[in-house]
Amino acid sequence: MKKSLSSISWDVSEETYRADPALSYSTLAKFERGGFNELGKLFDKVESPSLTFGSAVDSLITGGEAEFNERFIVAEFPSISDNLIQITKTLHARYGESHRSVDTISDSILAEVGKECDFYANDKYANYRVKLIKENCNEFYSLLYLSTGKTILDTQTYSDVLNAVEALKISENTREYFNGNDPFTPEIEMLYQLKFKATLNGIDYRCMFDGLKVDHINKTIQPIDLKTSFKKEWDFYKSFIEWNYQIQNRLYYRILLDNIKRDEYFKDFKILPYKDIVVNRYSLTPLVWDCDFTFAVGSLAFGANSQIIMRDPEVIGKELHHYLTNSPRVPIGVYINKGNDLRTWMNKII
């Protein structure tokens, strides 16, 4: 009897998923980019217009309109600078529960937050700083207050989100992944946002798939990941390097494999190499990129001279787990009580 892959997934809310201490792609990738020096910032929330756009597209196309409406609200932003937007968001995050408007927040707090956000940071401009914040931030603050718990999208961004979703749904090479299940092919199951956990070599990992195409006749599972890239779709390989997406592809495969091999129905299914699907909000030319090294183990080398080294996800995970568990004062391989060899460390530079 046919069995849905969702039945063996980790069925929790996204809030529970995000709060779980198991290591994820985003944590591993951030650590791999920043190294030991960034450990203190590893779990800081990161926001940017590009991330907001990507989350909105992902939410609408894989989570559906109901999920999108739970997470986002469409409204027109007041015309203020990025600095003032940052100040307003900071004020709302800290004082939104006790203050309905900027006017009720003390001048000393406004001056402090403005300085923190590098807005006329010189102390001789403190009064002018406060004056500008009061004059310009009230409207946006009120909008944030009314939309508590949701992310605000301006109307142009929302229009771009709709265009990207439409492009993905009608493009010949991507539409099969984003139009849900076809009642005329019940043996093919398209699933979105399934979550899984696995313990690999003693370390806990978690993942959430954008999409999984399950073929119950041929016993295959096709994982896909949707990327909204600032770069054009044909330059995605550059983004792949920049954000180290190999960690995601290889780690997610191993987590999924660990789950299906322990299930009587799915243990004989074959997981296919990852497909990364990318769309740019302006060029709207969705492309599919195949990852033929999804199943590879160990470090990978790319580039004309093999100068781009990508470490195995579990090697990164083991190192990060050590740091998070033991909180050492210096990185692995650096000595406090004896000399350190310059040549060894200089030769590590790629």
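Residues numbered from 1 in each chain as written. Predicted model: local features only at pLDDT ≥ 70, side-chain atom pairs only at ≥ 80, totals over all residues. Heavy atoms only, no water.

## Here's the deal with the packing of helix α5 (residues 82-95) against helix α7 (residues 126-146)
In the contact formed by α5 and α7, the axes pass within 9 Å of each other and the chain directions differ by 55°. Relative to α7, the element α5 is oriented oblique. Relative to α7, α5 is oriented so that their crossing is right-handed. Residue-level inspection shows L84, I85, I87, T88, K89, L91, H92 and Y95 of α5 in contact with α7, the latter providing L132, I133, N136, C137, F140, Y141, L144 and Y145. Tallied by class, the residues present in the contact of α5 with α7 amount to 12 nonpolar, three polar and one charged. (Axes fitted to C-alpha atoms, helices over the stretch in contact; angles between N-to-C directions. Helix = DSSP H or I, 4+ residues; strand = E, 2+ residues; numbered from the N terminus. Parallel < 35°, antiparallel > 145°, perpendicular 65-115°, else oblique. Left-handed = near helix turned anticlockwise from the far one by under 90°. Contact = heavy atoms within 4.5 Å. Nonpolar A, V, L, I, M, F, W, Y, C, P; charged D, E, K, R; others polar.)

## Things to note about the packing of aromatic side chains
Within this structure, the stated rule accounts for 23 aromatic pairs. An angle of 45° between the planes, with centres 6.1 Å apart, marks the rings of F236 and W289 as tilted. Residue F236 is found in helix α10 (residues 236-242), and its partner W289 is found in strand β10 (residues 287-290); the two are separated by 53 residues along the sequence. Residue classification places W289 among the partly exposed positions, given a relative accessible area of 28%. Residues Y237 and W289 carry aromatic rings whose centres are separated by 6.3 Å and whose planes lie at 50° to one another, so their mutual orientation is tilted. Here W289 lies in strand β10 and Y237 lies in helix α10, a separation of 52 residues in the sequence. (Phe/Tyr/Trp six-rings, centres within 6.5 Å; stacked < 30°, edge-to-face > 60°. Buried < 20%, exposed > 50% of the residue type's maximum accessible area, 1.4 Å probe, protein only.)

## So, the pattern of salt bridges
Throughout the structure, instances matching the rule amount to 21 salt bridges. R254 is the partner of E314 in a salt bridge, and the nearest nitrogen-oxygen pair spans 2.9 Å. Here the residue E314 occupies a position in helix α12 (residues 313-326), and R254 occupies one in helix α11 (residues 245-260), the gap between them amounting to 60 residues. The buried category is assigned to R254, whose relative accessible area is 10%. A salt bridge links K267 to E264; the nearest nitrogen and oxygen atoms lie 2.9 Å apart. One connected set of salt bridges, linked through shared partners, spans R250, R254, D312 and E314. (Salt bridge = Lys/Arg side-chain N within 4 Å of Asp/Glu carboxyl O.)

## Examining the pairing of strand β6 (residues 211-215)
Along β6, four of the five residues are buried, which leaves the element largely enclosed by surrounding structure. Sheet topology places strand β3 (residues 188-192) next to β6; five bridges connect them, and they run antiparallel. Bridging from a neighbouring strand, Y192 pairs with G211 of β6. Between the end of β6 and the start of strand β7 (residues 220-228), which pair antiparallel, lie four residues, with K219 showing a positive phi angle near 55°. (Pairing = 2+ DSSP bridges.)

## Thoughts on the pairing of strand β9 (residues 275-279)
Here β9 lies mainly inside the structure; five of its five residues are buried. On β9, burial covers both faces: K275, I277 and V279 on one face and D276 and V278 on the other are all buried. Taken together, the five bridges between β7 and β9 define a ladder with parallel strand orientation. Its bridge partner being in β9, D225 is matched across the sheet by D276. The pairing of β9 with β10 spans four bridges and is antiparallel. Looking across to β10, one finds that D276 is bridged to W289.

## Points about the environment of K115
Here K115 lies in helix α6 (residues 107-116). Look at K115 and you get partly exposed, because its relative accessible area is 38%. Considering only alpha carbons, one finds K115 and A126, 11 residues apart in sequence, at a separation of 8.1 Å. A distance of 2.9 Å separates polar atoms of two side chains, one belonging to K115 and the other to D123. (Polar contact = N/O pair within 3.5 Å; in protein donor to acceptor, adjacent residues only side chain to side chain.)

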